[in-house]
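Fold and contact review
The chain contents come next:
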Amino acid sequence: MKIDKILPFAKNLLQKAVQPGDIVIDATVGNGYDTVFLAELVEESGHVYGFDIQEKAIVTTQERLVKYCLSDQTTIFHSGHEHLSQLIPDIYHGRVTGAIFNLGYLPGSDKTIVTQPDTTIAAIQQLLEIMAPEGIIVLVIYHGHNGGAEERDSLLDYCQQIDQKTAHVLQYQFINQQNHPAFIIAIEKI
Ligand code: SAM
C-alpha cells in the first residue's frame, strides 16, 4: 500500500513541522509512544511537554523515557491538556512547533476514561495562541468507543469553523473502511 496509513501520516506531518531544538507537546501521553517519537525529533536541545490525567499513563511514559534516555528533554504533567498554556513556561509561548492529540482511551486500561470534546477544544484554542507560525497540531480521532462519535462531531464542527486566516485545516481519512477507522485532522497555524 503506497498511501500513508493514519499513524505514518501523522508522524510525517510532525517531522515536517518540528526541528531539533524545538518545543513540542504530547497532549495525551498514554503509553508514551508519541512522547518518545517527539523527544527524538527535538533532540537534547529541545523539549517535549506531555499531559495525561491518569497516573498509570504518567508512570508508563516516564519509565519509557528513562529506558530510551530521553528524560532530560521531557516534562510530563499529571494534568489535563486544557491547562497547557498555564503550565508551559511563558518563555516558550510563541515557540511551540508541533502538538499531537491521540484521542480516546488508554489502550489496555479503563475504557470509560476518554478524552472529552470541551477540554480537547479548550486545549486547541490555547495552542493556537502559543504556537509558532507554521506549527502543526495533529488530532488522531478514534470514534468507535462510547462518546467517540460525539467527540468526533464536536471537533469537526469546531475545526471547520476555524478562520482560514488563522490556520489551514485538513481532514485525512480512508472513506471505504469498516468499523469506525481512525482519521486525522491537522491544523497548521498561519
Ligand atoms: N499517545 C498515547 C500513546 O502513544 O500511547 C495514547 C493516548 S490514549 C489514546 C488517550 C489518553 O488521553 C489516555 O491516556 C487518557 O488518560 C488521556 N486523557 C484523557 N483526557 C485527557 C485530558 N483532558 N488531558 C490529557 N490527557 C487526557
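Scroll up a little and you will see the structure.
Numbers given for residues are sequential positions, taken from 1 along each chain in its written order. Local features are withheld for residues below a pLDDT of 70 in this predicted model, meaning they are given only at 70 or higher, and side-chain atom pairs are given and counted only at 80 or more; totals for whole chains, interfaces and linings count all residues. Side-chain numbers here rest on the full set of heavy atoms in the structure, without hydrogens or water.

A word on the nonpolar core
- Of all hydrophobic cores here, the largest spans 32 residues; its most connected members are Ile-25, Phe-101, Ile-124, Leu-127, Ile-137, Leu-139 and Ile-187.
- Going along the chain from the N terminus, every DSSP run of H or I of four or more residues is numbered as a helix, and every run of E of two or more is numbered as a strand. Of all elements in the fold, only strand 1 (23–26), strand 2 (47–52), strand 4 (96–102), helix 5 (117–130), strand 5 (131–141), helix 6 (148–160) and strand 7 (183–189) reach the threshold of two or more residues within this core.
- If one sorts the elements of this core by residue count, helix 5 sits on top with six residues.
- Not counting chain neighbours up to four residues away, the residues in contact with Ile-187 comprise Ile-124, Leu-128, Gly-135, Ile-136, Ile-137, Leu-139, Cys-159, Ile-162, Ala-167, His-168 and Val-169.
- If you look at the next biggest cluster of nonpolar residues, it comprises 31 residues, including Val-18, Val-29, Ala-57 and Ile-184. Definition of nonpolar core: a set of buried residues of the types Ala, Val, Leu, Ile, Met, Phe, Trp, Tyr and Cys, connected through side-chain atoms within 4.5 Å. The buried label goes to any residue with under 20% of its type's maximum accessible area, the exposed label to any with over 50%, and the partly exposed label to all in between, with areas taken from a 1.4 Å probe on protein chains only. Working rule for contacts: check all heavy atoms of both residues, and any pair within 4.5 Å makes them a contact.

A look at the pairing of strand 3 (residues 74–78)
- Following DSSP output, two strands are said to pair if at least two bridges run between them. The sheet contact formed by strand 2 and strand 3 spans five bridges and is parallel. Considered in strand 3, the bridge of Asp-52 is made with His-78.
- Crossovers are marked right-handed if the path from the first strand over the helix to the second runs clockwise, as seen with the strands pointing away from the viewer. Handedness of the crossover joining strand 2 and strand 3 through helix 3 (residues 55–67) is recorded here as right-handed.

Overview of unusual backbone geometry
- A positive phi is found at Cys-69, a non-glycine position, where the angle reads about 55°.
- Mapped onto the secondary structure, Cys-69 falls in the loop between helix 3 and strand 3.
- Classification of Cys-69 as exposed rests on a relative accessible area of 66%.
- We note that His-180 has phi near 50°; this positive angle belongs to a residue other than glycine.
- Assignment of secondary structure puts His-180 in the loop between strand 6 (167–172) and strand 7.

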